[in-house]
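# Structure at a glance
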Number of protein chains: 2
Amino acid sequence: MDTIDTELAARIRDDIIHGVYAEDERLSEAKLCETHQVSRTPVRLALRRLEREGIIQRGEWRGYKIQSPTISDILQAVQVRGHLESLAARLMAQSPTRAEHLPDMAEAIRVIDDLTSQGRLDEDAIHQMQAANKVFHTTMLEACGNEYVNFTCQQISHLPMLAAGSMVFDRRVHDSPDQIERGIFRLRIGNAQHQVIYEAIKHGDAVRAEGMTREHSHTMIEYIETFEKRDESLTVSDLVAYSAAESDLLKS
Amino acid sequence: MDTIDTELAARIRDDIIHGVYAEDERLSEAKLCETHQVSRTPVRLALRRLEREGIIQRGEWRGYKIQSPTISDILQAVQVRGHLESLAARLMAQSPTRAEHLPDMAEAIRVIDDLTSQGRLDEDAIHQMQAANKVFHTTMLEACGNEYVNFTCQQISHLPMLAAGSMVFDRRVHDSPDQIERGIFRLRIGNAQHQVIYEAIKHGDAVRAEGMTREHSHTMIEYIETFEKRDESLTVSDLVAYSAAESDLLKS
DNA sequence: TCACTTTATTTGGGATCCCAAAGTCAAGTC
DNA sequence: GACTTGACTTTGGGATCCCAAATAAAGTGA
């Protein structure tokens, strides 16, 4: 069953990432109990988890220091994740049972291709593409034959942008047809990379699968960096808002 | 400060890995309180951690199922770690500040070279070589410029053989000069790989650094597999005993 | 003897409390 | 005004308890 401490960890993490706390502010158990109207037991459990994730640091008898992830942290973690996914791609390409999973990946590619071909970049299209992207990436992680690749990805998936299938969208693409076209184009590039990965895996070309998966994640890193260059005061919260990862923005 | 729950998690994990519990046995908070003479609070905290590590699985209101890591799990995790280290090697090779860290790596290589040149494989020599190996690997992880490589490695370092610098030793090498020579030879091979990695990093050859680091971890995987082939009833506990990772065996 | 019901026990989630450690603040001294 | 000291407050570690949920055991009737 879902316990209070698990959900609480998610809420506190979200608050930290969205800058609810000041940089020098320290968390305390009592404060969190009051804020979230729970007792200290689930708060303690949640804080241990966040400590393990590296986004708070426990002082001795003196509350918790916040270490909110930075854009740099996210870029580094995305690089690590991409590298892990490249291992998954290589292993899947070498797997004798890979054919079983190719249809799911092919379908995901088709969904994104259909939507981008129609020039759609509305919220519903974004939602569908993100779901398809998630299927593509999680299939690879789960079908590569090494459970610890997926397990290790999960250990860092608490960070923004690190959830399976996270995609970055420039939310301003709605402003003008020119920007919409650029957004669609970028998605098509990404999906073309999906296609190459798929073909490489299908044909057992491990080197190509690995290389293109690595390139695929690098594309995301470069895109995040363009946001950063354009807006030097870009925060993680901003980036999360840009992201199509399952978020409150999408839910609203 | 060290808390009871952190140490308790380590002890329970150790007990699980060493087969103290039967396969079908379930852990309960009350039992662990009794066994370790502590209250439920630190037990609960420790169990949450072990659950996150994947070696126990929480039932709803019904104790915890043990999922002791298998040899296969370890091989998979070592592969993941090796892949992460190959990223660290590549990044370090590309880092403009890499020269600062080369002396530590060179010294580690020298220590292992000296000891193997002397044909030493006694406990003290093993201890020194393991410490040097740890320096070599942790330097690379810490100096690669991406903190999440190290962070991610740490997330799986609870598994046997996944601690930084873990080395596998065939403890029977003490039996005969022939076996000692084979053990020494294998260590020299590994250290020769260290040398290649070092040179590649020194000269900024990222591809070579990455490739050899990957090969280096593969060597360890193959070695573990030789144990497995030789002894089909090999357990994780056996493997830990073979390992030179910091363990009770070495301390005794 | 078997199926069903009832009762007892086990179990974890969470609330609450005690205690020691660390920091803050006010009062006193030089 | 600076420094010291003691009292007070804050804080987390851990112990203990209550409660609901799940399982096991005992009792009952056909």
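About the thresholds
Within each chain, residues carry numbers counting from 1 in the order of the written sequence. For naming, the first written chain is A and the first written ligand is 1, with later ones following in the order written. Note on the predicted model: pLDDT of at least 70 is required for a residue's local features to be given, and 80 or more for side-chain atom pairs to be given and counted; whole-chain, interface and lining totals, by contrast, use all residues. Side-chain numbers here rest on the full set of heavy atoms in the structure, without hydrogens or water. A run of H or I in DSSP counts as a helix once it spans at least four residues, and a run of E counts as a strand once it spans at least two, with each numbered from the N terminus. Both definitions apply: the radius of gyration is a C-alpha atom measure, and the globule rule equals 2.2 Å times residues to the power 0.38. The method behind every accessible area is Shrake-Rupley, applied with a 1.4 Å probe, and residues are considered shielded solely by the protein chains displayed. The term nonpolar core refers to a set of buried residues drawn from Ala, Val, Leu, Ile, Met, Phe, Trp, Tyr and Cys, joined through side-chain atoms within 4.5 Å. Only protein chains enter the accessibility calculation, which uses a 1.4 Å probe; a residue whose area is less than 20% of its type maximum is buried, one above 50% is exposed, and one in between is partly exposed. Throughout, a contact is declared for two residues whenever any of their heavy atoms are within 4.5 Å. Nearness of a residue to a molecule or strand requires only that one of the residue's heavy atoms be within 4 Å of it. Here a polar contact is taken to be a pair of N or O atoms separated by no more than 3.5 Å, where protein atoms must pair a possible hydrogen donor with a possible acceptor and residues adjacent in sequence count only if both atoms sit in side chains. When residue character is reported, Ala, Val, Leu, Ile, Met, Phe, Trp, Tyr, Cys and Pro are called nonpolar, Asp, Glu, Lys and Arg charged, and the others, Gly included, polar. Residues reaching a pLDDT of at least 70 in both copies supply the C-alpha atoms on which the copies are superposed by least squares. Buried area: the accessible area, evaluated with a 1.4 Å probe, that two parts lose upon being put together, summed over both parts. Salt bridge, as applied in this entry: a Lys or Arg side-chain nitrogen positioned within 4 Å of an Asp or Glu carboxyl oxygen. Here a strand pair is declared whenever DSSP counts at least two bridges between the two strands. Each axis is a line fitted through C-alpha atoms, taken for helices only over the stretch in contact, and angles between the N-to-C directions span 0 to 180 degrees. All domain edges in this entry derive from an automatic or database-based domain assignment.

On to the overall build of chain A. When its secondary structure is counted, chain A shows eleven helices and three strands. Since a compact globule built from 252 residues should have a radius of gyration of about 18 Å, the 20 Å found for chain A is in line with a globular shape. Reported as C-alpha extents along the three principal axes, the dimensions of chain A are approximately 55 × 45 × 30 Å. Per element, the accessible surface of chain A, about 11,800 Å² overall, is 50% carbon and sulfur.

Judged by nonpolar contacts, the single largest core of 120 residues is most densely connected at Met140, Val149 and Ile201 of chain A together with Val149 and Ile201 of chain B. Beyond its immediate stretch of four places on either side in the chain, isoleucine 201 of chain A contacts Ala89, Met92, Ala93, Arg98, Leu102, Met105, Met140 and Ala209 of chain A.

Lining the immediate surroundings of DNA strand C are 23 residues, of which Ile4, Ser39 and Thr41 of chain A together with Arg58 and Arg62 of chain B lie closest. Here DNA strand C approaches the protein such that, of its atoms within 4 Å, sugar and phosphate make up 57%. In this structure, arginine 58 of chain B approaches DNA strand C through a side-chain N or O atom, which is 2.4 Å from a phosphate oxygen. In the model, a base oxygen of DNA strand C is placed 2.4 Å from a nitrogen or oxygen of the arginine 62 of chain B side chain. Of all the secondary-structure elements, those providing two or more residues to the surface near DNA strand C are helix H1 (4–17) and helix H3 (40–53) of chain A together with helix H3 (40–53) of chain B. A class-by-class count of the residues in the surface near DNA strand C yields eight nonpolar, five polar and ten charged.

This part is about the protein's contact with DNA strand D. Neighbouring residues of DNA strand D: 22 residues in total, closest Arg58 and Arg62 of chain A together with Ile4, Ser39 and Thr41 of chain B. Close to the protein, within 4 Å, the atoms of DNA strand D are drawn from sugar and phosphate at a rate of 55%. Taking glutamate 29 of chain A, its main chain carries an N or O atom lying 2.8 Å from a phosphate oxygen of DNA strand D. Broken down by secondary-structure element, the contributors of at least two residues to the surface near DNA strand D are H3 of chain A together with helix H1 (4–17) and H3 of chain B. Looking at side-chain class alone, the surface near DNA strand D contains eight nonpolar, five polar and nine charged residues.

On to the relation of the copies chain B and chain A, then. Least-squares fitting of chain B to chain A yields an RMSD of 0.0 Å, with the superposition described by an axial translation of 0.0 Å and a rotation of 180°. Interpreted geometrically, this transformation is the action of a two-fold axis.

The next subject is the interface of chain B and chain A. With 40 residues of chain B at the contact, the number on the chain A side is 40 residues. For the chain B and chain A pair, buried surface summed over both sides reaches about 3,600 Å², with 53% attributable to carbon and sulfur atoms. Our count for the contact surface shared by chain B and chain A stands at six salt bridges. Of the charged contacts, one joins arginine 52 of chain A and glutamate 53 of chain B as a salt bridge, the two residues approaching to 3.9 Å between their closest N and O atoms. Taken together, chain B and chain A are joined by 13 residue pairs in polar contact (both at pLDDT 80 or more). Looking at the side of chain B that touches chain A, the elements with two or more residues in it are H1, H3, helix H4 (71–93), helix H7 (147–155) and helix H9 (206–230) of chain B.

Residue and element names in this part refer to chain B. Across the sheet, three strands lie side by side as E1-E3-E2; this open sheet has antiparallel pairing. A single partner strand is all that each edge strand has here, and the edge strands are strand E1 (26–27) and strand E2 (56–58). Pairing of E2 with strand E3 (residues 64–66) involves three bridges; the strand directions are antiparallel. Within E3, the residue paired with arginine 58 across the bridge is tyrosine 64. Of the strands in this sheet, E1, E2 and E3 are in contact with H3, which crosses E2 at around 110°.

A few words now on the domain arrangement of chain A. All names here are of chain A. By domain assignment, chain A separates into domain 1 (4–66) and domain 2 (71–251). Of note, the centres of domain 1 and domain 2, computed from C-alpha atoms alone, are 30 Å apart. Taken together, the contact pairs five residues of domain 1 with five residues of domain 2. Where domain 1 abuts domain 2, roughly 490 Å² becomes buried across the two surfaces, and 64% of that area is made up of carbon and sulfur atoms. Three residues, Ile17, His18 and Glu53, lead the burial of domain 1 against domain 2; their summed loss comes to 74% of the area buried on that side. Put simply, domain 1 and domain 2 have zero salt bridges between them. Remark: the boundary between domain 1 and domain 2 carries one residue pair in polar contact (both at pLDDT 80 or more). For the side of domain 1 that touches domain 2, the per-class residue count stands at two nonpolar, one polar and two charged.

All names here are of chain A. Using the criterion set out here, one finds 32 salt bridges over all chains in the structure. Among the salt bridges present, the one from arginine 58 reaches glutamate 51, with a minimum N-O distance of 3.2 Å. Among the residues examined, glutamate 51 registers a relative accessible area of 26% and is labelled partly exposed. For glutamate 85, the salt bridge goes to arginine 81, with nearest N and O atoms at 3.3 Å.

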